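A look at the structure
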Amino acid sequence: MLLNKNLKKLVSTLTVGAALTFSSLSAFSNEPIVIKFSHVVANETPKGQGALMFQKLVDERLSGKVKVEVYPNSSLYADGKEMEALLLNNVQMLAPSLAKFDKYTSKIQIFDLPFLFDDIKAVERFEQSDAGQSLLKSMEDKGITGLAYWNNDLKQLSANKELREPKDARGLKFRVQASEVLDAQFKAIRAVPRKMAFGEMYQGLQTGVVNGAENPYSNIYSQKIHEVQKFITESNHGLLSYMVIVNTDFWNKLPEDVRTELTKILDEVSIEVNKQSHELNLGDKQKIVDSGKSQIITLTAEEREKWREAMRPVWKQFEAAIGADLIKAAEESNKQ
């Protein structure tokens, strides 16, 4: 009889415990999935606006299921630490510059090849092609899944002398990002590449530590580069863009319906970000013209082709690492 009482008590205890455990798990499962989106620029930039737009649409369409927390201006992780944080799943989403990925896959270097794309529309066609989309998945074995491209338009050359032909750049020191391709790009025209942090560029140009730079119009205007460079050559020679990425393991473990909706939202946001970015660059170009502080040089088709041919050996230099088929696919995007 005592045994039965003890057995009943044990069963009762286990039942209550199981109920509490089930209740706790149910409560936990009802908590929204948190996505920390960290980036290093201001909210007012195209990337910053894209992150906020993504946050807003997720809140509207997946309220209670997913919560996006946006951390701008390196407020959570600095530029050099954010990739490590993503791989550790301390943040789930980033949008780094494409130049940051060459140590994860050499194929991404295709976006740094000079004069590969004729215009931003060609860039977008390549990004949406099978070849461009394959690059988004090229780092999954490293724990990084690409979801979208956010473009900050094409880059222009600036200097304190007119740059109309490649020979005009000989001996000039150009500020560059830490990229093997960009380093080779300027060496191809017998200029001197100097790696320099973005925040140090204005002072470097002002003091003559470097003589020139390459930036989209939005960076030239926002960083006041046009105030310390007399000439801007509209070369449209390279791309400054970002890839929106997530931690692969985190992404793959999301419920399929949630993942599908997040992908749909990000596709919508990307279209708007890229549209706004191009418009912003055109607007900033006009502001530079209106300021009268820097002369914009428009190259003829023949002049631009000279630059392209002078830098084309860089394509061959990196062909083995990037892949000849990938470069060909990018060239094809210019023909549509």
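Residues numbered from 1 in each chain as written. Predicted model: local features only at pLDDT ≥ 70, side-chain atom pairs only at ≥ 80, totals over all residues. Heavy atoms only, no water.

The nonpolar side chains of a soluble globular protein tend to be buried, and buried together. If you look at the biggest cluster of nonpolar residues, it comprises 37 residues, and the most contacted ones within it are Phe101, Ile110, Phe111, Leu113, Phe126 and Met243. At the level of elements, α3 (82-87), α4 (120-128), α5 (130-136), β4 (144-159), α6 (180-187), β8 (231-247), α12 (313-317) and α14 (324-332) are the ones that each hand at least two residues to this core. With four residues, the single largest contributor to this core is α4. With sequence-adjacent residues up to four places away left out, Phe111 is seen in contact with Leu98, Phe117, Phe126, Glu127, Leu135, Tyr149 and Leu239. In this structure, Ala51, Leu62, Val66 and Val244 belong to the second largest nonpolar core, which totals 27 residues. (Core = buried A, V, L, I, M, F, W, Y, C linked by side-chain atoms within 4.5 Å. Buried < 20%, exposed > 50% of the residue type's maximum accessible area, 1.4 Å probe, protein only. Helix = DSSP H or I, 4+ residues; strand = E, 2+ residues; numbered from the N terminus. Contact = heavy atoms within 4.5 Å.)

The N-to-C vectors of helix α2 (residues 46-61) and helix α10 (residues 256-291) enclose an angle of 150°; their axes lie 9 Å apart at closest approach. If you check the angle between α2 and α10, you find them roughly antiparallel. You can see that α2 and α10 cross each other, and the crossing is right-handed. Contact with α2, carried on its side by Pro46, Gly50, Met53, Phe54, Leu57, Val58 and Arg61, involves Glu261, Leu262, Ile265, Leu266, Glu268, Val269, Glu272, Val273, Gln276, Ser277 and Leu280 of α10 and no other residues of that element. Broken down by class, the residue content of the contact of α2 with α10 amounts to eleven nonpolar, three polar and four charged. (Axes fitted to C-alpha atoms, helices over the stretch in contact; angles between N-to-C directions. Parallel < 35°, antiparallel > 145°, perpendicular 65-115°, else oblique. Left-handed = near helix turned anticlockwise from the far one by under 90°. Nonpolar A, V, L, I, M, F, W, Y, C, P; charged D, E, K, R; others polar.)

Once that is clear, we can look at helix α11 (residues 301-311). Buried within α11 we find Glu303, Arg304, Trp307, Arg308 and Met311. Each buried residue of α11 sits inside an arc of 140° when the element is viewed along its axis, so together they form one side. Opposite its buried face, α11 presents the exposed residues Ala301 and Glu302, each directed more than 90 degrees away. Of the surrounding elements, those touching the buried residues of α11 are β4, α6, β8, β9 (295-298), α12 and α14. (Arc of directions from axis to C-beta.)

With that out of the way, let us pick up the confidence of the model for the chain. Chain-level statistics for the chain give a pLDDT mean of 90 and a share of 91% at 70 or above. Low pLDDT, under 50, characterises residues 1-28; the predicted model gives this stretch zero contacts beyond four residues in sequence or across chains. (pLDDT = per-residue confidence, 0-100.)

This part covers the environment of Lys36. Mapped onto the fold, Lys36 is located in strand β1 (residues 33-38). In this structure Lys36 comes out as partly exposed when scored by relative accessible area, which is 28%. The spacing of Lys36 and Met93 is 57 residues in sequence and 6.1 Å in space, taken between C-alpha atoms. Those residues in contact with Lys36, other than ones at most four positions away along the chain, are Glu69, Tyr71, Leu76, Asn90, Val91, Gln92 and Met93.

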